[in-house]
Amino acid sequence: MLRLRDFTRAALLADVTAGLIVGVVALPLCIAFAIASGVSPEKGIFAAVIGGALIALTSGCRVQIGGPSGPFVVLALGIVTQYGLDALAVATFMAGVVLVLMGRFGFGSLIKFIPYPVTTGFTTGVAILLVTGELPDLLGLPVSVAGGNVLAKWITAGSALGSANYYAIAISAITVLLQLTGFRPLGKIPGSLIALVVTTAAVQLLQLPVETIGSRFPDLPSAIPPPVFPALSFDLLRTMVSPAIAIALLAAMESLLAAVVADGITGNTHEPNRVLTAQGLANVGSALFGCLPVTSAIARTATNVRNGATTAASGAAHALFLLLVLLAFGRWASLIPLAALAATLVVVAFHLFDWRAVVAQLKGPKADIAVLFTTLGITVLVDLATGIQIGIALAGALFIKRMSAVTGVRVFTQELDRASQKSPAASAIPRGVDVYEINGPLFFGAVYKLREAMQIARKLPRVRIVRMDKVNAIDSTGLHALEELWKLSRKQRAALIISEIRAQPFVALMKSPVYVLIGESNVVATFDEALSRARELIVESTPVPPARTGS
């Protein structure tokens, strides 16, 4: 967030310099992302202008750089192809609202719990989809791969290889080499911009027969896009819910990762909920002008910090630079060959595909491998939104299964074989008393163990004691299980005592009706108190024999 006290002459100069450098880095990416998403180039640039400005003004990380990002390309292209530009604006706006709500309700600290196999799976899937979508422009093929799944797209592209444009292939190869070899004869000027200048100059000077931005977008505007007011309908809003959630999740994850990367370089600490709120405002602003979804990009944020940025002025300078380029030099963008932009996205995909992470996951638990390949497969063969959601759901199910394995319930009674009892207090249990020892969180994934334990005792008890000193958390299902145990005990004319309950479970119990049912006197602090209370209840429930009369 912009704060006047952060500005000094030296800091402002460093921030403006860093903003200009990262603006140069962002320019070819914004154009490439826009074209690959099925929209005109200026919508990618202006998405970075408005997204970068709003994120700079409001983010909880001062040095973040906002704009379009690679993972959004696949989602945006699918929406535009199937539903049109208005649908993209609606989905982006809805995603912005979701992100603002996530920030307001404190979800910033929860996003980091998304499992690593899920993020690895869908980033790998995005890399495959990015390359697949760019095959026609990359090779100069006279076909479109906009429809169908990834296998159909590869088959379509493969069938047209005989018509490949070798000039386009040469331009693609030169662009990739200039970016991956780190060729920077002009110091900090990025290889992507050098590649665009070199290939554009070659195409124009040699009059090479390759497709350019101008040949695909003959009426390319060089002005701020007008506001968009799409015709809304209930069906459109309902259809865009899933894509909007996927956009919001992607924006949240990348922005928070970018903030973590920035903190690692600067030593600062970001405010995650303000980061999410900023992404939401940026997406709402971008949607109002019919532009692409935006987020705080990891690579551009790292570039910004490494070039000396310390305040949000760098993000504002980046946005201002791109705005000036759009207004003053937009017409020159029409000369850029599409093969160079496609190759730039291939380089982005190359960096997205972290093969080391995939190899490391293959050495992990089989369940994590299943999550990775399920997310990857659904992302590639179905769509990105479904891949993310199913991946998270599957990882959540596996987490519940693992957590339930941590929780255990043991029962100790006088009727059971004492030789098998390892509790030091087992010998002190009065006859007619069952003791339940719960070890681990008592939540919906583990309550079945308590229900199973109810069936262990051979004789009906007169008192049940539930030891909860090792229960660090309980949820509403766990409280319901205690209520079931109370009802069973009441039906069997037995009492129920809760012993050694910890802070969080005790607070939850106090707020529930179960506490009143069990009774305050039957919730005790120590096991000794529980045994004493059990003896009292047994005495109270034991009928007094009638007095003998003389003969």
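No experiment lies behind these values; they were computed from the predicted model shown. (Residues numbered from 1 in each chain as written. Predicted model: local features only at pLDDT ≥ 70, side-chain atom pairs only at ≥ 80, totals over all residues. Heavy atoms only, no water.)

(A) Seen up close, the overall build of the chain. A count of helices and strands for the chain gives 24 helices and seven strands. For 551 residues, the compact-globule estimate of 2.2 N^0.38 gives 24 Å, and the C-alpha radius of gyration of the chain, at 32 Å, exceeds that figure by more than 25%. Seen through its principal axes, the chain has C-alpha atoms that stretch 130 × 60 × 45 Å. Residues classed as buried in the chain amount to 53% of the 551 residues present. Between the centroid of the 42 positive side chains of the chain and the centroid of its 30 negative side chains there is a distance of 5 Å. (Helix = DSSP H or I, 4+ residues; strand = E, 2+ residues; numbered from the N terminus. Rg over C-alpha atoms; globule rule 2.2 N^0.38 Å. Buried < 20%, exposed > 50% of the residue type's maximum accessible area, 1.4 Å probe, protein only. Lys, Arg positive; Asp, Glu negative; His and termini not counted. Charge placed at Lys NZ, Arg CZ, Asp CG, Glu CD.)

(B) View of empty space enclosed by the protein. Following the criterion strictly, the structure yields one cavity of 30 Å³ or more and no others. The space that makes up the largest cavity amounts to roughly 30 Å³. Forming the boundary of the largest cavity are Ala-32, Ile-35, Ala-36, Glu-134, Asp-137, Leu-338, Leu-341, Ala-342 and Leu-345. Where the lining of the largest cavity is concerned, the elements lending two or more residues are helix H1 (9-36) and helix H16 (338-352). Take the lining of the largest cavity: its biggest share by element is four residues, from H16. Considered class by class, the residues forming the lining of the largest cavity number seven nonpolar, no polar and two charged. (1 Å grid on protein atoms, 1.4 Å probe; cavity = no way out; pocket = protein on both sides within 12 Å on 5 of 7 lines; lining within 4 Å. Points joined across faces, edges and corners; volume = space filled by probe spheres on them. Nonpolar A, V, L, I, M, F, W, Y, C, P; charged D, E, K, R; others polar.)

(C) View of the pairing of strand S6 (residues 495-499). Taking burial as the measure, the five residues of S6 include five buried ones, the bulk of the element. Of the two faces of S6, the one carrying Ala-495, Ile-497 and Ser-499 and the one carrying Leu-496 and Ile-498 are both buried. Here strand S5 (residues 463-470) runs beside S6; their pairing, made up of five bridges, is parallel. Each residue of the ladder has a partner; that of Val-466, found in S6, is Ile-498. (Pairing = 2+ DSSP bridges.)

(D) Up close: the layout of surface pockets. The volume enclosed by the largest pocket comes to roughly 1,200 Å³. Of all elements in the fold, only H1, helix H3 (70-83), helix H5 (116-133), helix H8 (166-180), helix H9 (191-206), helix H12 (241-266), helix H14 (298-306) and H16 reach the threshold of two or more residues within the lining of the largest pocket. By residue number, the principal contributor to the lining of the largest pocket is H14, which donates six residues. Here the lining of the largest pocket is composed, by residue class, of 22 nonpolar, 13 polar and six charged.

(E) Fine view of the pattern of salt bridges. Taken as a whole and judged by the stated rule, the model has 10 salt bridges. In this structure, Arg-467 and Glu-500 form a salt bridge, with 2.9 Å as the shortest nitrogen-oxygen distance. Here Glu-500 lies in the loop between S6 and helix H22 (503-510) and Arg-467 lies in strand S5, a separation of 33 residues in the sequence. (Salt bridge = Lys/Arg side-chain N within 4 Å of Asp/Glu carboxyl O.)

(F) Examining the packing of H3 against H5 more closely. One can describe the packing of H3 onto H5 by two numbers: an axis separation of 9 Å at closest approach and a directional angle of 65°. Pair H3 / H5 crosses with left-handed handedness. Along the contact surface, H3 presents Gly-70, Pro-71, Val-73 and Val-74, while H5 presents Val-126, Leu-129 and Leu-130. For the contact of H3 with H5, the class distribution of residues is six nonpolar, one polar and no charged. (Axes fitted to C-alpha atoms, helices over the stretch in contact; angles between N-to-C directions. Left-handed = near helix turned anticlockwise from the far one by under 90°. Contact = heavy atoms within 4.5 Å.)

(G) Structural detail: H9. The end-to-end C-alpha separation of H9 is 22 Å, in line with the 22 Å expected for 16 residues at 1.5 Å each. Looking only at H9, the buried set comprises Gly-191, Ser-192, Ile-194, Ala-195, Leu-196, Thr-199, Thr-200 and Val-203. Downstream of H9 by one or two residues, Gln-207 has phi in the positive range, about 55°. (Expected span 1.5 Å × (residues − 1).)

(H) Looking closely at the packing of aromatic side chains. Applying the stated rule across the entire model yields two aromatic pairs. Residues Phe-46 and Phe-289 carry aromatic rings whose centres are separated by 5.2 Å and whose planes lie at 70° to one another, so their mutual orientation is edge-to-face. Of the two residues, Phe-46 is situated in helix H2 (residues 41-58) and Phe-289 in the loop between helix H13 (272-288) and strand S2 (295-296); the sequence distance between them amounts to 243 residues. A relative accessible area of 6% means that Phe-46 is categorised as buried. (Phe/Tyr/Trp six-rings, centres within 6.5 Å; stacked < 30°, edge-to-face > 60°.)

(I) Region of the structure containing the sheet that holds strand S7 (residues 523-524). Taken in spatial order, the five strands make up an open sheet running S3-S4-S5-S6-S7, and their pairing is mixed. Looking at the sheet topology across the chains shown, the edges are occupied by strand S3 (408-412) and S7. In this sheet, S5 lies alongside strand S4 (residues 433-439) in parallel orientation, the contact comprising six bridges. If you follow Glu-437 over to S5, its bridge partner there is Arg-467.

(J) Quick look at helix H17 (residues 355-362). Along H17, the residues that are buried comprise Ala-357, Val-358 and Gln-361. Viewed along the axis of H17, the buried residues span an arc of 100°, placing them on a single side of the element. On its buried face, H17 is in contact with H5 and helix H18 (366-381). (Arc of directions from axis to C-beta.)

(K) Main features of the environment of Phe-46. Along the backbone, Phe-46 and Val-382 are 336 residues apart, and their C-alpha atoms lie at a distance of 30 Å. Excluding anything up to four places from it in sequence, Phe-46 contacts Gly-51, Ile-224, Pro-225, Phe-289, Cys-291, Leu-323 and Leu-326.

(L) Region of the structure containing the packing of H5 against helix H19 (residues 384-406). Axis separation between H5 and H19 bottoms out at 10 Å; the angle between their running directions is 165°. By the angle between their axes, H5 is roughly antiparallel relative to H19. As for the relative orientation of H5 and H19, their crossing is right-handed in sense. Every residue of H19 that contacts H5 at Val-118, Phe-122 and Val-126 is listed here: Leu-384, Ile-388, Gly-391, Ile-392 and Ala-395. Counted by class, the contact of H5 with H19 contains seven nonpolar, one polar and no charged residues. (Parallel < 35°, antiparallel > 145°, perpendicular 65-115°, else oblique.)

(M) Fine view of unusual backbone geometry. Its identity is not glycine, yet Arg-493 carries a phi of approximately 60°, on the positive side. Tracing the chain through its elements places Arg-493 in the loop between helix H21 (476-491) and S6. Classification of Arg-493 by relative accessible area gives exposed; the value is 79%. Phi is positive for Glu-500, close to 60°, though the residue is something other than glycine. On the basis of relative accessibility, which here comes to 14%, the residue Glu-500 falls in the buried class.

Take it as geometry only, folks, not as evidence of what the structure does.
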